[in-house]
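Read off the chains here:
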Amino acid sequence: MDNDFLTTLLLTFKLAFITTFILLLIGIPLAYFLAYSRFRFKPFIETIVSMPLVLPPTVLGFYFLVFLGTESMIGKFLEQFGIKLVFTFEGLVVGSVLYSLPFMVHPLQSGFQSVPKSLIEASYTLGKSKLETLMKVILPNIKPSILTGIVLAFAHTIGEFGVVLMIGGSIPGETRVASIAIYEEVEALNYDKAGDYALILLIITFLILLVVYTVNKKILKIEDL
Amino acid sequence: MIELNLKKLLNIENKDQTLDIDIKIKTREFITLFGKSGAGKTTILKMIAGLVQPDEGFIKVNGQLWFDKEKNINLPPQKRKVGFVFQDYALFPNMTVEQNIKFGMEKEDKNFLKELLEITELYDIKDRKPVTLSGGQRQRVALARAVARKPDILLLDEPLSALDFEIRQKLQEKLKEIHNRFDLTTVLVSHDFSEIFKLSNRVFVLENGKITRSGKPEDVFVQERLSGKVKFSGEILGIKKDDVVCIVSVLIGGNIIKVIATQEEAKSLSVGDKVVIASKAFNPFILKID
């Protein structure tokens, strides 16, 4: 295995880890809001969150370039702070977060909605604040949903192609992730190398999902006792 | 002293109805709200707890205003010292029995925790999770958790309705014991007569959003007790035609009683009707059952 190969794989998983972590931080409050709020424009926000499900990734990537590129207003503004989001790793993270948002928010939202209202009301009448109720009552009781959100977001980030290609390009060690590498190796007729990438991705994603389903079953079993 | 003056527009089965009540409850009193399902009993409890906001009126507990529409006071549920026992118990599945009860305490108090576990007979199962408990045990956990907060009012929303007869009777005793021991003021929602008679000092009958009768249970429910008639109310479970008469099965307090009715009488009856079974001419036997 050469260095390039390892760098690319490491970058792929680094991107997936960071993206999933950020999504968890954003996803919990967002899903909480979508599940419990009676805000009038909620359907509007729900639509925006779900857009990446149906939108071609290239469309998302295109608008990303237009609005965050170095020539755009936001791009120029960010450049003053030394932040560049196009053809950089940071840009990939932002793009991946947007692209995988529904995969984290949807399981969490249905998890929140499945918690009986009386549990939350009971916690309030026992003097616990909304935050304490969220941390001690709601989240511990929707562990399977949290796990599903994490796995889907992680797997989806590893598998993405279009958004990465549009906003990241293929800079080795910076934005060249495995899915892009496979595409390029195939184009260069290096089937062996493409095969290596593909096999590693296949094995690792299989193992992750296997662990998750085993753990999830255990959690459910404990709760069924 | 707890004063409730509440008005709220309710929508029950697509019909608008105004709930309009004015109740005063003395400290350490045990009162029952009685009425058909959908009459707004649970809503009253939720308004006291701060989970539902009344349209108008006020809630005053021991001199402190919890809610006042005019003065724009509305304490959140967290600031109102209530103990709420929900109909489905609402135990936290991720916590053990002990953790559930501790969750209700403002400060951890080991002696009080032990006392609660003992009085509710939960000490031996304090490390178990709610899913492993029976209905009666869950009910006691919910009760202990509500009392753990040392509430100004204990609110019980049909706490025993899901349990069978024997456990219900045992838990009625427990409720009474806990009410007395911790000097609680308790509001119970129930339509079980034996429960109401056993537990409450006063009962309020809620009909069409208003309190239509109130007083001691025996004054409210046994209006004709001097006439010497025997009267039971129950629900029709089945009507069977048998030659010229009909046999009507009536459920009365956990027992099924068969009564003969003429076909003419049976015409006006149907399954699910609430009926009164009365006997005029004969003095009934009284047999002691242990």
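Reading guide: rules and limits
- Residues numbered from 1 in each chain as written.
- Chains lettered and ligands numbered in written order.
- Predicted model: local features only at pLDDT ≥ 70, side-chain atom pairs only at ≥ 80, totals over all residues.
- Pairing = 2+ DSSP bridges.
- Helix = DSSP H or I, 4+ residues; strand = E, 2+ residues; numbered from the N terminus.
- Contact = placed C-beta atoms within 7 Å.
- Nonpolar A, V, L, I, M, F, W, Y, C, P; charged D, E, K, R; others polar.
- Buried ≥ 20, exposed ≤ 12 C-beta atoms within 10 Å, placed from the backbone.
- Core = buried A, V, L, I, M, F, W, Y, C linked by C-beta atoms within 7 Å.
- Domains from an automatic or database assignment.

Student: Is there a simple way to explain the pairing of strand β2 (residues 15–25) of chain B in this structure?
Tutor: For a regular strand, side chains alternate in direction, first toward one face of the sheet and then toward the other. Residues and elements named next belong to chain B. Note that strand β1 (residues 2–12) and β2 share 11 bridges and pair antiparallel. Among the inter-strand pairings, Asn5 is bridged to a residue of β2, identified as Asp22. The hairpin turn running from β1 into β2, its antiparallel successor, is 2 residues long, and Glu13 in that turn takes a positive phi close to 45°.

Student: Can you walk me through the interface of chain B and chain A in this structure?
Tutor: It is common to give the size of an interface as the accessible area that goes away when the parts come together. The interface is formed by 19 residues belonging to chain B together with 17 residues belonging to chain A. When grouped by side-chain class, the residues that make up the side of chain B that touches chain A number 11 nonpolar, 4 polar and 4 charged.

Student: I tried to follow unusual backbone geometry on my own but got confused; where do I start?
Tutor: With the exception of glycine, the majority of residues adopt a negative phi angle, and the majority of peptide bonds are in the trans configuration. Residues and elements named next belong to chain B. Positive phi, close to 55°, is recorded for Glu121, a residue that is not glycine. Within the secondary structure, Glu121 sits in the loop between α3 (110–119) and α4 (135–148). At Glu158, a position not held by glycine, the phi torsion is positive, near 40°. On the secondary structure map, Glu158 appears in the loop between β8 (153–157) and α5 (165–181). For Glu158, a count of 19 C-beta atoms within 10 Å corresponds to the partly exposed category.

Student: Hey, could you run me through the pairing of β1 of chain B in this one?
Tutor: Strand direction decides the pairing type here: β1 of chain B and strand β4 (residues 56–61) of chain B, joined by 6 bridges, are antiparallel. Within β4 of chain B, the position partnered with Leu6 of chain B by the bridge is Gly57 of chain B.

Student: Before we go on, may I ask you to explain the nonpolar core in this structure?
Tutor: Within soluble globular proteins, side chains that are nonpolar generally end up buried alongside one another. Within the largest apolar cluster, 104 residues are counted, with the highest numbers of intra-cluster contacts made by Ile48, Ala142, Ala144, Leu155 and Val187 of chain B. With 9 residues, the top contributor of residues to this core is helix α5 (residues 89–114) of chain A. Not counting residues within four places of it along the chain, the set of residues in contact with Val187 of chain B comprises Ile25, Ile31, Leu33, Leu45, Ile153, Leu155 and Leu156 of chain B.

Student: How do you make sense of the domain arrangement of chain B when you look at a structure like this?
Tutor: Along its sequence, chain B is organised into domain 1 (2–221) and domain 2 (225–279). Distance between the C-alpha centres of domain 1 of chain B and domain 2 of chain B: 34 Å.

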